[in-house]
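What follows is the residue order along each chain.
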Amino acid sequence: MLALLRRQLPEVLRALAPLLGIAVLLQLTLVQAPARLFVQLLIGALLAGAGMLLLFAGVEMGILPMGRFIGAALPSKRSLRLIVAVGFAMGLATTLAEPDVLVLAHQVELVSDGRFRAAPLALVIASGVGGFAALALLRVVFGFPLRLLFAVAYALLLGLTFLAPTESIALAYDAGSVTTGVLTTPVLLAITLGLSSVIARRSAIEDGFGLLGFGSVGAMLAVLLLGILA
Amino acid sequence: MSLAAIVEQLGSTAWSVLLAVLPLVVLFLLFQVLFLGLPVREVRRVLSGALLASAGLFLFLLGVGIGFLPFGRAIGAAVGALPAPWMMAGVGFLLGFVTTWGEPAVRILADQVDEASAGSIRASLVLVTVCLGVALWVGVAMLRIALGTPLTYLVVPGYLLVLLLLPLSEKAFVGIAADASGVATGPLANTFLLAVGFGTSAALGQDPLVSGLGLVALIALAPLLSVMGLGMLVRWRQRPKESRT
């Protein structure tokens, strides 16, 4: 455990040092914020650094294995329904858990003059993510071409952009950020990688990625559609 | 920061971490009971790892909320007072790079790519490519705030370019690019960079909600272009080798 933490320490220092360095440089030259704010920054950086250390250690020790176990068990049941259910449930649950999604749903509610309520909206956005996450897992199983799927998704995104009212466009393109949970990222990656490594003829590097990206597009499309319907 | 504000911050951060880790633990335990049947030692290890990661995420988010968010706003106010838009773009470029460099999920993705490709796509290459892409587009986003350009003028050509790059890029890089677009808008970018954007547009006397919005959209677009661009370069370099064999 201590060895694990010590191994992560250089990575954490490398990750945060440039950010802190630029912040200090800006403080000295451009910003000159009150001393209290600067001390707060230093305390925050210390906390963030300690947190990142524990986070990386915990991800390696528990979170990645969690995803690997699930990803390896998924195809062994030979049940497509299970794979779809896991993809959908993970996309849905992790999106609903993201604090951003409620903020986003509230903004869509405002744009639609209250015709859509925030809570069901959050559910629609999360379903968009879930649906696309399930699609991404099915892609690994059936070997649909990744480039084609993304081409269709992005073309759809662009097409709907021209139909959607202006106020909802910025919201929709911002909605991609709802699928970025730091803890879910390694689990979803490990599930897809596990799934693609168990299924024959799938190369991990070509088929193990794309699920997070699909989830983001799902959220964006869901918000655009809501904007058009509003 | 007042005591009440700190308590409030502690509570909301703990709540969001709990919400993030709970679905994962529930899914894992369901799988353990139904299919996996791992030995108790293994389950204990996975769960303590999850606990450790949650504690880490809690501290990380707390640190970002206490330190980086308010300071980001101060940076934004100072940047908005700069005399020329190109200077704002320059600061945006710098901040975009170092923020993404510190984003935990971007590093996790880069490590996974390294591992899955057995080291043939190095983690540092992915990391630098994503950081450069975000840096460039945060620079553009600051210009957009300064000049008041509508977001669609940037995202529509941006995604058209993505469609153009899709067939040209090496296949493996397409999925990586899409995932990188998801992780680049992580907790640091979503709070710190967003605070800088809001601070800048407030300093310029604009409605921060209107012009600050869209920053995240451009950060999400950035890795799609830079990583697929990298994929195109890789494919280009491999082509002569293929024709020889």
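Residues numbered from 1 in each chain as written. Chains lettered and ligands numbered in written order. Predicted model: local features only at pLDDT ≥ 70, side-chain atom pairs only at ≥ 80, totals over all residues. Heavy atoms only, no water.

Moving on: the environment of Ala89 of chain A. All names here are of chain A. Of note, Ala89 is situated in helix H3 (residues 80-97). Exposure remark for Ala89: the relative accessible area of 36% places this residue in the partly exposed category. Distance in space between the C-alpha atoms of Ala89 and Ala126 is 9.5 Å, their sequence separation being 37 residues. (Helix = DSSP H or I, 4+ residues; strand = E, 2+ residues; numbered from the N terminus. Buried < 20%, exposed > 50% of the residue type's maximum accessible area, 1.4 Å probe, protein only.)

Attention shifts here to the interface of chain B and chain A. In this assembly, 94 residues from chain B lie in contact with 89 residues from chain A. Summed over both partners, the interface of chain B with chain A comes to about 7900 Å²; 80% of that surface belongs to carbon and sulfur atoms. The interface formed by chain B and chain A contains three salt bridges. In this structure, the salt-bridge partner of Glu206 of chain A is Lys171 of chain B, at a minimum N-O distance of 3.3 Å. For the interface between chain B and chain A, the tally reads twelve residue pairs in polar contact (both at pLDDT 80 or more). Looking at the side of chain B that touches chain A, the elements with two or more residues in it are helix H1 (3-36), helix H2 (40-80), helix H3 (85-102), helix H4 (104-116), helix H6 (152-168), helix H7 (171-184), helix H8 (187-203) and helix H10 (215-244) of chain B. Counting residues per element, the side of chain B that touches chain A draws most heavily on H2 of chain B, at 25 residues. Among the residues making up the side of chain B that touches chain A, the classes are represented as 66 nonpolar, 19 polar and nine charged. (Contact = heavy atoms within 4.5 Å. Buried area = accessible area lost by both parts, 1.4 Å probe. Salt bridge = Lys/Arg side-chain N within 4 Å of Asp/Glu carboxyl O. Polar contact = N/O pair within 3.5 Å; in protein donor to acceptor, adjacent residues only side chain to side chain. Nonpolar A, V, L, I, M, F, W, Y, C, P; charged D, E, K, R; others polar.)

Take unusual backbone geometry next. Residue Gln32 of chain A is not a glycine yet carries a positive backbone phi of 45 degrees. Structurally, the position occupied by Gln32 of chain A is in the loop between helix H1 (2-31) and helix H2 (35-76). A positive phi angle, close to 55 degrees, is found at Ala118 of chain B, a residue other than glycine. Looking at where Ala118 of chain B falls in the secondary structure, it is placed in the loop between H4 and helix H5 (123-147).

Okay, the packing of helix H6 (residues 146-163) of chain A against H7 of chain B next. Relative to each other, H6 of chain A and H7 of chain B sit at 45 degrees, their axes nearing to 9 Å. The pairing of H6 of chain A with H7 of chain B is recorded here as oblique in orientation. Our pair here, H6 of chain A against H7 of chain B, has a crossing hand that is left-handed. In contact with Leu146, Arg147, Phe150 and Tyr154 of chain A of H6 of chain A, H7 of chain B contributes Lys171, Val174, Gly175 and Ala178 of chain B. (Axes fitted to C-alpha atoms, helices over the stretch in contact; angles between N-to-C directions. Parallel < 35°, antiparallel > 145°, perpendicular 65-115°, else oblique. Left-handed = near helix turned anticlockwise from the far one by under 90°.)

Time to look at the packing of aromatic side chains. Using the criterion set out here, one finds ten aromatic pairs over all chains in the structure. Aromatic pair Phe132 of chain A and Phe214 of chain A: ring centres 6.3 Å apart, planes at 40 degrees, arrangement tilted. With Phe132 of chain A in helix H5 (residues 118-142) and Phe214 of chain A in helix H10 (residues 211-229), this pair connects stretches of sequence that are 82 residues apart. A relative accessible area of 1% places Phe214 of chain A in the buried class. Both rings, one in Phe150 of chain A and one in Tyr154 of chain A, keep their centres 5.7 Å apart while their planes meet at 20 degrees; by these two values the pair is stacked. Of this pair, Phe150 of chain A and Tyr154 of chain A both sit in helix H6, four residues apart, roughly one helical turn. You can call Phe150 of chain A buried: its relative accessible area is 0%. Classification of Tyr154 of chain A as buried rests on a relative accessible area of 2%. Here the aromatic cluster, defined as three or more aromatic residues joined through ring pairs, consists of Phe132, Phe150, Tyr154, Tyr173 and Phe214 of chain A together with Tyr159 of chain B. Stacked on the ring of Trp101 of chain B, the Lys or Arg Arg107 of chain B has its end atom at 5.0 Å from the ring centre. (Phe/Tyr/Trp six-rings, centres within 6.5 Å; stacked < 30°, edge-to-face > 60°. Lys NZ or Arg CZ within 6 Å of the ring centre and 35° of its normal.)

Turning next to H5 of chain A. The end-to-end C-alpha distance of H5 of chain A is 36 Å, a good match for the 36 Å that 25 residues give at a rise of 1.5 Å each. Once H5 of chain A ends, the next one or two residues include Gly143 of chain A, with phi positive near 70 degrees. (Expected span 1.5 Å × (residues − 1).)

With that settled, the discussion passes to the nonpolar core. Tyr154 of chain A together with Tyr159 of chain B are the most contacted members of the largest nonpolar core, which totals 167 residues. For this core, the element with the most residues is H2 of chain A, which contributes 18 residues. Counting only domains with at least three residues in this core, you end up with domain 1 (1-62) and domain 2 (79-229) of chain A. Ignoring anything within four residues of it in the chain, the contact list for Tyr154 of chain A reads Val217 of chain A together with Tyr159, Val162, Leu163, Leu166, Ala178 and Leu224 of chain B. (Core = buried A, V, L, I, M, F, W, Y, C linked by side-chain atoms within 4.5 Å. Domains from an automatic or database assignment.)

Attention now goes to the pattern of salt bridges. Pairing is possible between side chains of opposite charge, provided their charged atoms come close. Overall, the coordinates contain five salt bridges over all chains when judged by the stated rule. Glu60 of chain A serves as the salt-bridge partner of Arg7 of chain A, at 3.3 Å between the closest nitrogen and oxygen. Taken together, the residues span a long stretch of sequence, with Arg7 of chain A in helix H1 and Glu60 of chain A in helix H2 at a distance of 53 residues. We classify Arg7 of chain A as exposed; its relative accessible area is 52%. Under the relative-accessibility criterion, Glu60 of chain A is labelled partly exposed at 34%. Between Arg68 of chain A and Glu115 of chain B there is a salt bridge, and its shortest N-O distance comes to 3.6 Å. Placement of Arg68 of chain A in helix H2 and of Glu115 of chain B in helix H4 is noted, with the two residues assigned to different chains.

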